[in-house]
Amino acid sequence: DAGVIQSPRHEVTEMGQEVTLRCKPISGHDYLFWYRQTMMRGLELLIYFNNNVPIDDSGMPEDRFSAKMPNASFSTLKIQPSEPRDSAVYFCASSRRSQETQYFGPGTRLLVL
Amino acid sequence: DQQVKQNSPSLSVQEGRISILNCDYTNSMFDYFLWYKKYPAEGPTFLISISSIKDKNEDGRFTVFLNKSAKHLSLHIVPSQPGDSAVYFCAAILGGSEKLVFGKGTKLTVNP
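In this text the structure is predicted, and so the values were computed from the model without any measurement.

What about the state of the cysteines?
In a disulfide, the sulfur atoms of two cysteines are covalently bonded to one another.
Move 1: Tallied over the full model, the rule gives two disulfides over all chains.
Move 2: Disulfide partner of C23 of chain A: C92 of chain A, at an S-S distance of 1.9 Å. Between C23 of chain A and C92 of chain A, the disulfide has an S-S torsion of -65° and is therefore left-handed. Pair noted here: C23 of chain A is in strand β3 (residues 19-24) and C92 of chain A is in strand β9 (residues 88-95), with a separation of 69 residues, a long-range link. The pair formed by C23 of chain A and C92 of chain A is uniform in burial state, with each residue classed as buried.
Move 3: With its sulfur 2.0 Å from that of its partner, C23 of chain B forms a disulfide with C90 of chain B. Judged by the torsion about the S-S bond (-75°), the C23 of chain B/C90 of chain B disulfide is left-handed. Residue C23 of chain B is located in strand β3 (residues 19-25), and its partner C90 of chain B is located in strand β9 (residues 86-94); the two are separated by 67 residues in the primary sequence. In this structure, C23 of chain B and C90 of chain B share a single accessibility class: buried.

Some points on the interface of chain B and chain A
Move 1: With 18 residues of chain B in contact, the opposing surface of chain A contributes 22 residues.
Move 2: Summing the contributions of chain B and of chain A, the shared interface buries around 1,500 Å²; its carbon and sulfur component is 54%.
Move 3: Linking chain B with chain A are one salt bridge.
Move 4: Between K99 of chain B and D56 of chain A there is a salt bridge, with the nearest N and O atoms lying 3.4 Å from each other.
Move 5: Where chain B packs against chain A, one counts nine residue pairs in polar contact (both at pLDDT 80 or more).
Move 6: Ranked by residues supplied to the side of chain B that touches chain A, first place goes to β9 of chain B with three residues.

A short note on the packing of aromatic side chains
Move 1: Under the criterion given, the structure shown has 15 aromatic pairs over all chains.
Move 2: When the ring of F91 of chain A is compared with that of F104 of chain A, the centres are 6.3 Å apart and the planes differ by 80°; the resulting orientation is edge-to-face. Here F91 of chain A, found in strand β9, pairs with F104 of chain A, found in strand β10 (residues 103-104); they are 13 residues apart in sequence, far enough to count as distant.
Move 3: The exposure class of F91 of chain A is buried, given its relative accessible area of 1%.
Move 4: Residue F104 of chain A is classed as buried on the basis of its relative accessible area of 11%.
Move 5: Between the aromatic rings of F30 of chain B and F33 of chain B, the centroid separation amounts to 6.4 Å while the plane-to-plane angle is 75°, which identifies the pairing as edge-to-face.
Move 6: An aromatic cluster of at least three residues, connected via ring pairs, comprises Y31, F33, Y35, Y48, F91 and F104 of chain A together with Y36, F46, F89 and F102 of chain B.

About the cut-offs
Residues numbered from 1 in each chain as written. Chains lettered and ligands numbered in written order. Predicted model: local features only at pLDDT ≥ 70, side-chain atom pairs only at ≥ 80, totals over all residues. Heavy atoms only, no water. Disulfide = S-S within 2.5 Å. Helix = DSSP H or I, 4+ residues; strand = E, 2+ residues; numbered from the N terminus. Buried < 20%, exposed > 50% of the residue type's maximum accessible area, 1.4 Å probe, protein only. Contact = heavy atoms within 4.5 Å. Buried area = accessible area lost by both parts, 1.4 Å probe. Salt bridge = Lys/Arg side-chain N within 4 Å of Asp/Glu carboxyl O. Polar contact = N/O pair within 3.5 Å; in protein donor to acceptor, adjacent residues only side chain to side chain. Phe/Tyr/Trp six-rings, centres within 6.5 Å; stacked < 30°, edge-to-face > 60°.

What follows is the structure, encoded as structure tokens:
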């Protein structure tokens, strides 16, 4: 299996621009998670989906952040408008079933200037 | 308010010796604990886990110990190898939840 795939791997953008991060989970995995890693806060869960339905978005920092999962093989995390404090590494992870091991993608390193 | 704490940002050990990475937690409702390992420019990868009903779990060179009364767990790596050099994250999960709560990580360096 190819593992969790994220794109782009690196993104540099200017403040105010829209940013879209993409994730393809492992085939057959029912759960998809979006995490953000910063120096200050470490790794924190933003939102997760079960069978394409958002279950818990309490970690999404602001309304500028939104996530969708239109089908079982694709999810997006969108930031609009982006701000310099959004600079971080964003990870997507998936798991096969409830409370099973989460497998992480390589991450997207975002820099907002 | 950090519920999972790794108080040592870094640790350096000699190849062949034991590495001990520590983790403390504050929420007594956590019922499952995990260790993830992360190399630069890669995502975290699962290493080993332990249920709150156990006090020890072993997998090859890796052993995790859980002390519930102290709300403390540790990861032992014996013998340490240069390839073990990475950032190690402790994580915890509440019963019935899917949400992993991570510590900030400890960077382990194993010197040849």
